[in-house]
Structure formats: C-alpha cells, structure tokens
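Tertiary structure, described
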Amino acid sequence: MKTLETQVVVIGGGATGTAVLRDLAMRGIQALLLERGNLASGTSGNFHGLLHSGARYAVKDPPAAEECIVENRILRQIAPQAIEDTGGFFVALTDADEAFLPRLVEGCQRVGIPVEVISGSEALREEPALSPQVRQAVVIPDGSVDGWTLCIGSVKAAKEYGAQAMLYTMVTEILRKGDRVIGVRAVDQTSGDEYLVRAEYVVNATGPWTEKTARLAGIEVPMALDYGTMVVLDSRPVRRAINRCRPPADGDIIVPVGTTIVLGTTSVPIQDPDDFCIQEWEIDLLLDECAQMVPIVEDMNIQRYYAAVRPLYKPPQTAGEEERREVSRAFYVLDHEQLNGIGGFITITGGKLTTCRLMAEKTVDLVCAKMGISVPCRTHLEPLPPA
Ligand SMILES: Cc1cc2nc3c(=O)[nH]c(=O)nc-3n(C[C@H](O)[C@H](O)[C@H](O)COP(=O)(O)OP(=O)(O)OC[C@H]3O[C@@H](n4cnc5c(N)ncnc54)[C@H](O)[C@@H]3O)c2cc1C
C-alpha cells in the first residue's frame, strides 16, 4: 500500500468535483482528486447538454433559476470553448401552454432572466422546423454545453496551480479517527494498487453516488435518485434549444448538440445509481412529446440513446410525498461536523452542471473557513485553458 498526503481529497471527477479541485488549487490549497472511472464518466458526460438560462425553474424553483442565469453568464466568459450559444425558445402550442406563458415570463423577469415574447409566425420564421401549431414563443438565453470539455478544462487549470488527479482510482474506505475523517483508502482499478491518502478534509462530490460515498464515513445523506433518458437524432433541424412552455415534465426539451439534436428527458425513480436500465416506453414517449414541438422528429433516425442519474438531495424537512420533479434543483453543501458531529468531511450535492462553478465556490468557502484560510474565490475571473 502506498501512502500519500494532501490537504484536501476530492472524491468524484464530474463537473462538481473537477470545479472543486480547480477552486481549491486556485486558493493555494494542496488537493488531490480521486475518480473511479474517467473524467465525466458519471452524470456529467451523460446529461442533456443544456446550458440552462434558468427559465425551466423560474416558476417552481426561483433560487435554482437565479443560480442558473448567473452561472450561465459566467461560464460563457470562462469556458467559451465548452459552449455553443444556441439561444432557446419556450414554445406554446396549446391553450394550457398559453395560459402558462405569462407565469413563465413573470418568473423569469423576477430572477433576472432576459425574455422576449414573439408571435408564432415570428418563431416559425426563425425556426421553420417548429410545429405550425406554435402560437407564441418566449426567447431565452439557453445554450448547449459540453461536459467533457468543461471537466477536462477544470482539471487542466487545477494542475497548472499544482493540484493532482488520479483517474480509475476508486475510494473504497473513508478513514476516521473518532469523530473526525482523516483520509481515504483507494484502489487503482487498472493495476490493483492500493493507496492510503491522509488529508485534513475530504470532499464528497460523487453526484448520484453521494449517499453510497457518505456511508463509507458512517453518515446517511438522504437522496431522491431518479434517472433520465435522452435520445440522440442524427441531424439538426433546429438552431436553438426548444423547450415546451409548461411546467417541467417528461420529453419537453430538445437540445441541439453539434450536428445532432438530443431529446429529453424522462424521470424514473431508482434506488441504486449503478443499477438501472432504459425502457422502450421512454424512447417512444420522448419521440412523441418532442414531435409535437418539431414534427420532423418522427421521420428522423435515432443515432443512439443514453441515460444518467440525477443527484437530487432530499433534505430531511422535505422528505414526504411531493412529486420527484418538485425536489429542488438547488444545491446543498453539507457540513457533516455541524450535521452529524463528524469533522473533516463535506458533501456537495444536488444542483446542475450549469451551476458547478458556484457549487465549488460555496464548498471551498466552507473548507477555507474551517482551515482558517481567507483567500477569496477567483474561479469566475480566470478562463479555463483549452481542453
Ligand atoms: C437526465 C439528466 C439530464 C440532465 N440535464 C442537464 C442539463 O441539460 N443541464 C444541466 O446543467 N444539468 C443537467 N443535469 C444535471 C447535471 O448533469 C448534474 O447535476 C451534474 O452532471 C452532476 O455532476 P457531479 O459532478 O455532481 O456528478 P457526476 O458527474 O455523476 O460525478 C460524480 C463522479 O463520482 C465518481 N465516483 C462515484 N463514487 C466514487 C468513488 N467511490 N470513488 C471515486 N469516484 C467515485 C463517479 O464515477 C462520477 O464520475 C442533468 C442530469 C440528468 C440525470
């Protein structure tokens, strides 16, 4: 067994963990990231690809919406190589959609998302593949974002500041001395080599695996996991991200990614992030729903489909009967010293890929406060190196 030593261990190499690594390194904290697969091999390489404007959450979850629009603007500045400025429409096709439209517009305006309402004919002029049934559209600043480019860029930036990352290295134990976490044990999945890593702090940034990872430290973190499926079609009939003008539901977003469009998503409750399977009804539902917005979808070829698990945290006070789509998309930094009496261990979970930088900032603010470090965050100011 090899022994390593660092100030902070970050578990998880998705958008969140890589952003945490970069922020730690930029504040002069020695940090090591451990990822059981490759970078973005979890949700961050298998998500829908939307750089959220926040409009989707503006009515039901204003704090999450506000985080999205602020971070949407920052990511465009610091990671332009990962973003395509597609723009976006919310399209109203029915009476119910039109009734929802003023609520959407008002919700967006309340949290600072710039919107413009255009007529159906204007929308069709801009996007001729839209359904001729479109009555009105709301123009919003959506984009598409590449999770791989973002994660690789964050790790490259972190390494330039002296951080380290070990891929295909799975954390198998979280080591405790009494009521304090003092490091981790990890295994290289390719060579079988074992590592004991001593650290002052361990950050759990394992997305859908948050609960499993926390259990390694003897802590329960209640998650409300569900997976979502996406279908990739083999050409791009729309330039913009097309959203259905209604409360969030299955099959209501089409994201243009490169020369394809990605239809999504579904929402299926699961218990184990390593055990789920795409079902045929999901593909049918996505095609049916998205064809209502862009009818040519029915005649296009499926290139592939894939799925990922949402890392939704369910704080104890909201545990109850509410709908899964109502579980907040906001993020949570969990200080396990305060919550469970276990020092040296912090969990960052929930949120969106769009908000990963902010999630990292709040996490590292807490690490710094605990370590007595007063270096401010600068991740919103410096661009990422090209991936
Ligand atoms: C269907 C779906 C669609 C989505 N669409 C969007 C969207 O369009 N826009 C948007 O902004 N957000 C979207 N999201 C949300 C977004 O994708 C996630 O919030 C984000 O990717 C989570 O990143 P993460 O780093 O927290 O988790 P992950 O990317 O899952 O990273 C966690 C990492 O931890 C690693 N890991 C787990 N256990 C261990 C261990 N023991 N040791 C070492 N490593 C470990 C995993 O391998 C994984 O790489 C979507 C989510 C889903 C499920």
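These notes cover the structure that comes with them. (Residues numbered from 1 in each chain as written. Predicted model: local features only at pLDDT ≥ 70, side-chain atom pairs only at ≥ 80, totals over all residues.)

1. Overview of the overall build of the protein
Short version of the rule: Helix numbering and strand numbering both begin at the N terminus, where a helix is a DSSP run of H or I of at least 4 residues and a strand a DSSP run of E of at least 2. For the radius of gyration, the atoms used are the C-alpha atoms, and the globule rule reads 2.2 Å times the number of residues raised to 0.38. Three exposure classes are used. Buried residues have 20 or more other C-beta atoms within 10 Å of their own C-beta, exposed residues have 12 or fewer, and partly exposed residues fall in between, all C-beta atoms being placed from the backbone. For every residue pair, C-beta atoms are placed from the backbone, and the pair is scored as a contact if these atoms sit within 7 Å.
Scanning the protein for helices and strands turns up nine helices and 20 strands. Taken against the 2.2 N^0.38 rule, which gives 21 Å for 387 residues, the C-alpha radius of gyration of the protein at 21 Å falls within 12% of a compact globule. Buried positions account for 51% of the 387 residues belonging to the protein. Pairs at least 24 residues apart make up 74% of the contacts formed inside the protein by residues separated by at least 6 positions.

2. Quick word on the packing of helix H2 (residues 62-78) against helix H3 (residues 95-111)
Stated precisely, the cut-off is as follows: The convention used is that axes are lines fitted to C-alpha atoms, helices contributing only their stretch in contact, and that angles between N-to-C directions extend from 0 to 180 degrees. In this scheme, a crossing is called left-handed if the near helix is turned counterclockwise away from the far one by less than a right angle; it is called right-handed if the turn is clockwise. Note on residue classes: Ala, Val, Leu, Ile, Met, Phe, Trp, Tyr, Cys and Pro are nonpolar, Asp, Glu, Lys and Arg are charged, and everything else, Gly too, is polar.
Close contact between H2 and H3 brings their axes to 9 Å; oriented N to C, the two are set at 60°. Every pair of crossing elements has a handedness; the one defined by H2 and H3 is right-handed. Contacts from Pro-62, Ala-65, Glu-66 and Ile-69 of H2 reach H3 at Gly-107, Arg-110 and Val-111. Partitioning the contact of H2 with H3 into residue classes produces four nonpolar, one polar and two charged.

3. What about the packing of helix H1 (residues 15-26) against helix H5 (residues 147-160)?
Note the cut-off: The cut-offs work like this: below 35 degrees is roughly parallel, past 145 is roughly antiparallel, 65 to 115 is roughly perpendicular, and the gaps in between are oblique.
Where H1 meets H5, the axes come as close as 8 Å, and the angle between the chain directions of the two elements is 25°. Considering their axes alone, H1 and H5 lie roughly parallel with respect to each other. Both H1 and H5 take part in a crossing whose hand is left-handed. Of the residues in H5, those in contact with Ala-15, Thr-18, Ala-19, Leu-21, Arg-22 and Ala-25 of H1 are Gly-147, Leu-150, Cys-151, Ser-154, Val-155, Ala-157 and Ala-158. In terms of residue class, the contact of H1 with H5 is made up of nine nonpolar, three polar and one charged.

4. Focus: unusual backbone geometry
Omega for the peptide link from Gly-264 to Thr-265 comes to -20°, which places this bond in the cis form. By the secondary structure assignment, Thr-265 is in the loop between strand S16 (260-264) and strand S17 (268-269). With phi around 60°, Ala-40 is a residue other than glycine that occupies positive phi space. Looking at the element boundaries, Ala-40 is found in the loop between strand S2 (31-34) and strand S3 (50-51). Under the C-beta neighbour-count criterion, Ala-40 is labelled buried, with 24 such atoms within 10 Å. Unlike most non-glycine residues, Tyr-168 shows phi in positive territory, near 50°.

5. Concerning the sheet that holds strand S4 (residues 83-84)
Heads up, the condition is: Pairing between two strands is assigned when DSSP locates at least 2 bridges connecting them.
Here three strands make up an open sheet; going across it, the order is S3-S8-S4 and the pairing antiparallel. Lying at the two open borders of the sheet, with one neighbouring strand each, are S3 and S4. Two elements, S4 and strand S8 (residues 143-145), share two bridges in a ladder whose sense is antiparallel. Counted as the bridge partner of Glu-84 is Ser-144 from S8.

6. Thoughts on the site of the ligand
Cut-off, in case you're wondering: Nearness between a residue and a molecule or strand is assessed with a C-beta atom placed from the backbone; a distance within 6 Å qualifies. Note that the domain bounds reflect an automated or database-derived domain assignment.
Around the ligand, a shell composed of 38 residues is seen, among which Gly-12, Gly-14, Gly-42, Gly-207 and Gly-228 lie nearest. Those elements that place two or more of their residues in the shell around the ligand are H1, strand S10 (169-177) and strand S18 (302-310). A per-class count over the shell around the ligand returns 14 nonpolar, 20 polar and four charged. Lining the shell around the ligand are residues from two domains, each supplying at least three of them: domain 1 (2-44 + 148-223 + 314-371) and domain 2 (87-143 + 226-310).

7. Let's talk about the nonpolar core
Going by this rule: Buried Ala, Val, Leu, Ile, Met, Phe, Trp, Tyr and Cys residues form a nonpolar core when they are connected through C-beta atoms within 7 Å.
In this structure, Leu-21, Val-91 and Ile-254 are the most contacted members of the largest nonpolar core, which totals 118 residues. Two domains share this core, each providing at least three of its residues, namely domain 1 (2-44 + 148-223 + 314-371) and domain 2 (87-143 + 226-310). Residues within four places of Leu-21 in sequence aside, it is in contact with Val-10, Ala-31, Leu-33, Ser-154, Val-155, Ala-158, Ala-163 and Ala-165.

This is a description of form; function is not addressed.
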